[in-house]
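Chain by chain, the residues run as shown.
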Amino acid sequence: MTAELSIIRTAAETELIERFSHVRPVLPGDGVVKRLRDEAFALFTASGLPHRRIEEWKYTDLRAFMRDAPPLALKPEGEAAARLLGQAPPLGDLATPQLTFANGHLVAAPSDLAGIEIVPLADALASGHPLTARMAGLEIARGNTALALNTAFMADGAIVHVRREAGAARLELRFVNGAAQSFATSPRLFIVVDDGAELDLVETHQGPDGLAYQVNSAVEIVAGAAARVSHVRVNDEGLGALAVSTLTVALGAGTDFKSFALTKGASVARHQIFLGCAGENATIALGGATMLRGRQHADTTLLLDHAVPHCTSRELFKTVVDDEAVGVFQGKIIVRPHAQKSDGRMMSAALLLSEGGTMNNKPELEIFADDVQCAHGATCGALDDDLLFYLMARGLPRPEAEALMVEAFLGEPLEFVVRDDVRDALAGLAATWLSERR
Amino acid sequence: MLEIRNLVVDIEDKRILNGLDLTVNTGEVAAIMGPNGSGKSTLSYVIAGKEDYTVVDGEILLDGESILELEPFERAAKGVFLAFQYPLEIPGVGTMTFLKAALNAQRKARGEAELTTPDLMRRVKAAATKLAIDPEMLKRPLNVGFSGGEKKRMEILQMALLEPSLCILDETDSGLDIDALKIVADGVNALRAPDRSSLVITHYQRLLDYIVPDTVHVMANGRVVRSGGKELAIELEANGYADYRQQAA
């Protein structure tokens, strides 16, 4: 007797397969890029959408969350793009050169920045820009299905090359989403920071509430020796959004890298960070502040690879969970056999403001070297009643006392943000979130 | 004026206060003394409005109005101030941020205009100087890394800024060396005023050498068992609490 083995696919998976076969011929890029797309898509067809029986997706069952695969967003032209961008308030008054994306399509970019080359991704892929050959190069991210789907479908975005002569370069990536109908978009950024170059990058994602749209974005950063990169990401997507994002980082020797993510938007959010140390003496600081309410679900998943000796990393992620929301933190630090004198410290702390909230904390260390300092910790708790009483006894009404304590809780990772103006803007977002709670 | 009548208080079904009566007149400094476990700290928490306690019976009146139904912040706005025995550390909340929030919350509750930052700074600096508080401490998160004496002085600083009508000092002398005790006592004495009452809770008579009370009340087993003038404190210091333990039991 023989049994026929057939894979049962979900509606979303079937739609993705059909869509890929339709758009593949028209997606930008020649043989090399097509091969990259095909390999990436093959990873998806083999495994399907990741689900809870896959360890890395245990707490965020993408197959269950992603009920359909809406059509790919077209590029809004002229007035439509301007209208869309006008709907989203900018993050503070940052006075920073902006790359603007409407539904994942690059609609405006500065062209005259000394030492910075910016090429629309579609052009770069179509013309075979030399840097495209270095895309999707981080080994530890290669098996990730979400990133693979971005690679398969990437149609727009940008390649940014920061040279040393740019000095202390600043850029803002401003993503604004919105349309009458549900859509999907997969913007891709590939950012190369040369040896000794410096980049301050702010990335904001916004969209309207009440629209079910899907974003699967990816930002790849390759930093050369002694480069300095600070990165801030803001997820202020609409509350109907499914927002998956991947940050991959490859660090050269002696780099200084900081990344901070504020998450308050989207119905389902998953932010993945894959960071590999390729050169010794890198200094890494990763932070996050997540604020959830209603039935929001937000996942931060981090994989940090101390592949070489003498690198130092600090990770501090804080999550505030209200109502029935669900927070997830998964952080893994790997120290490879020869990566002696690695120093890694990872902390995830959650504050539950309601009886119905959930936090899943999973910190992990995989250490294969013997002369290292590594630590991890995870906490989960409610506001301290004694502290609340102390504040109330001084005259603060309960909501104000709670807000002060939540702000204090989130204030610690906010210190990872280098720029005062950006930090103030983020603190403002947190304060707004708290004021909406009352 | 503070009037407490037949106050009965439980915590998790355990009776702590058992028919306590106490009157503190306006402008009066009353000392509460008593052995460990007599209910002194509970009394201070119940007046300030801590939630963990169940008021089974009795009444607490401030200027003739019951405060039992009021939230802690409402009691604070009415002038109740509790200087904690163990002031809490609040990481991440700057001392100045906290002082501004507390002052303005109370002013708002009383329908007064909020203080401007320069005005606040002026007031805080003046009060801090009197209490020998290092201005650097004001830049740190509230009470974080402060010594026991610094924390107590910070409580008195808050009391001076908030200008309460009822000051409750819960074992403010505990953990203080003699110099710190003098500074704190001077701070409290400076706040003595005809329109302000104080309830000074202490184990030891020593504090009362520096903060001389108008009346002294002895607590045992959850009630006031004897009241008198300041000479009662001296008598207690000499004879201890043994008589009162027996009397109450």
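Residues numbered from 1 in each chain as written. Chains lettered and ligands numbered in written order. Predicted model: local features only at pLDDT ≥ 70, side-chain atom pairs only at ≥ 80, totals over all residues. Heavy atoms only, no water.

- Looking at an unreviewed UniProt entry, one finds chain B named ABC transporter ATP-binding protein, with Chelatococcus reniformis as its source organism.

- Chain A is annotated in an unreviewed UniProt entry as Fe-S cluster assembly protein SufD of Chelatococcus reniformis.
- What UniProt states about chain A under its Sequence similarities (unreviewed entry) heading is, verbatim, "Belongs to the iron-sulfur cluster assembly SufBD family." (UniProt positions renumbered as here; feature names shortened; annotations may be inferred.)

1. A look at helix α6 (residues 178-190) of chain B
Residues and elements named next belong to chain B.
Here comes step 1: Over its 13 residues, α6 runs 18 Å from end to end, which matches the ideal 18 Å to within 8%, given 1.5 Å per residue.
Here comes step 2: Those residues of α6 lying buried are A180, L181, V184, A185, G187 and V188. Buried residues in α6, looked at end-on, bunch into an arc of 155°, giving them a common side. Opposite the buried face of α6, by more than 90 degrees, sit the exposed residues D179, D186 and A190. (Helix = DSSP H or I, 4+ residues; strand = E, 2+ residues; numbered from the N terminus. Expected span 1.5 Å × (residues − 1). Buried < 20%, exposed > 50% of the residue type's maximum accessible area, 1.4 Å probe, protein only. Arc of directions from axis to C-beta.)

2. With respect to empty space enclosed by the protein
All names here are of chain A.
Here comes step 1: For the coordinates displayed, the defined rule picks out six cavities of 30 Å³ or more.
Here comes step 2: Of the voids in this model, the largest cavity is the one considered here, and its volume is about 220 Å³.
Here comes step 3: Around the largest cavity sit 18 residues that line it, and L16, M66, A184, Q214 and N216 are the ones nearest its centre.
Here comes step 4: Contributions of two or more residues to the lining of the largest cavity are made by α1 (11-23), α6 (145-153), β6 (184-185), β9 (214-223) and β11 (242-251). (1 Å grid on protein atoms, 1.4 Å probe; cavity = no way out; pocket = protein on both sides within 12 Å on 5 of 7 lines; lining within 4 Å. Points joined across faces, edges and corners; volume = space filled by probe spheres on them.)

3. Section: the layout of surface pockets
Here comes step 1: Empty space within the largest pocket amounts to approximately 620 Å³.
Here comes step 2: Lining of the largest pocket is provided by 30 residues; of these, L404, E407 and A408 of chain A together with G92 and T97 of chain B occupy positions nearest its centre.
Here comes step 3: Those elements that provide at least two residues to the lining of the largest pocket are α8 (398-414) and α9 (420-435) of chain A together with α3 (95-109) of chain B.
Here comes step 4: For the lining of the largest pocket, the element with the highest residue contribution is α8 of chain A, accounting for nine residues.
Here comes step 5: Partitioned by chemical class, the residues of the lining of the largest pocket number 15 nonpolar, six polar and nine charged.
Here comes step 6: Taken as a whole, the second largest pocket spans an internal volume of roughly 400 Å³.
Here comes step 7: E56, R270, F274, T301 and L303 of chain A are, among the 22 residues lining the second largest pocket, the residues nearest its centre.
Here comes step 8: Among the secondary structure elements, those contributing two or more residues to the lining of the second largest pocket are β13 (268-277), β15 (297-306), β17 (326-335) and β19 (358-367) of chain A.
Here comes step 9: The dominant element in the lining of the second largest pocket, judged by the number of residues it contributes, is β13 of chain A, at four residues.
Here comes step 10: Tallied by class, the residues present in the lining of the second largest pocket amount to nine nonpolar, seven polar and six charged. (Nonpolar A, V, L, I, M, F, W, Y, C, P; charged D, E, K, R; others polar.)

4. Here we look at the sheet that holds strand β18 (residues 343-352) of chain A
Residue and element names in this part refer to chain A.
Here comes step 1: Read across the sheet, 10 strands follow the order β2-β1-β5-β8-β10-β12-β14-β16-β18-β20 without closing on themselves; strand pairing throughout is mixed. Two strands close off the open sheet at either side, each with one partner strand: β2 (105-108) and β20 (373-381). On average, each strand axis in the sheet is inclined to that of its neighbour by 10°, with strand direction left out of account.
Here comes step 2: Across nine bridges, strand β5 (residues 168-176) lies against strand β8 (residues 198-206) in parallel orientation. The partner of A168 across the bridge, within β8, is E198. (Pairing = 2+ DSSP bridges. Axes fitted to C-alpha atoms, helices over the stretch in contact; angles between N-to-C directions.)

5. As for the sheet that holds strand β5 (residues 65-66) of chain B
Strand pairing in a sheet is mediated by backbone hydrogen bonds. Such pairs are either parallel or antiparallel.
Residue and element names in this part refer to chain B.
Here comes step 1: The antiparallel open sheet is built from four strands, whose spatial order is β2-β1-β4-β5. Since the sheet does not close on itself, it has two edges, and those belong to β2 (14-24) and β5, each with one partner.
Here comes step 2: Pairing between strand β4 (residues 54-62) and β5: two bridges, direction antiparallel. What sits directly across from L61, in β5, is S66.
Here comes step 3: Docked against the sheet, helix α1 (residues 40-48) engages β1 (2-11), β2 and β4, running at close to 110° with respect to β1. (Contact = heavy atoms within 4.5 Å.)

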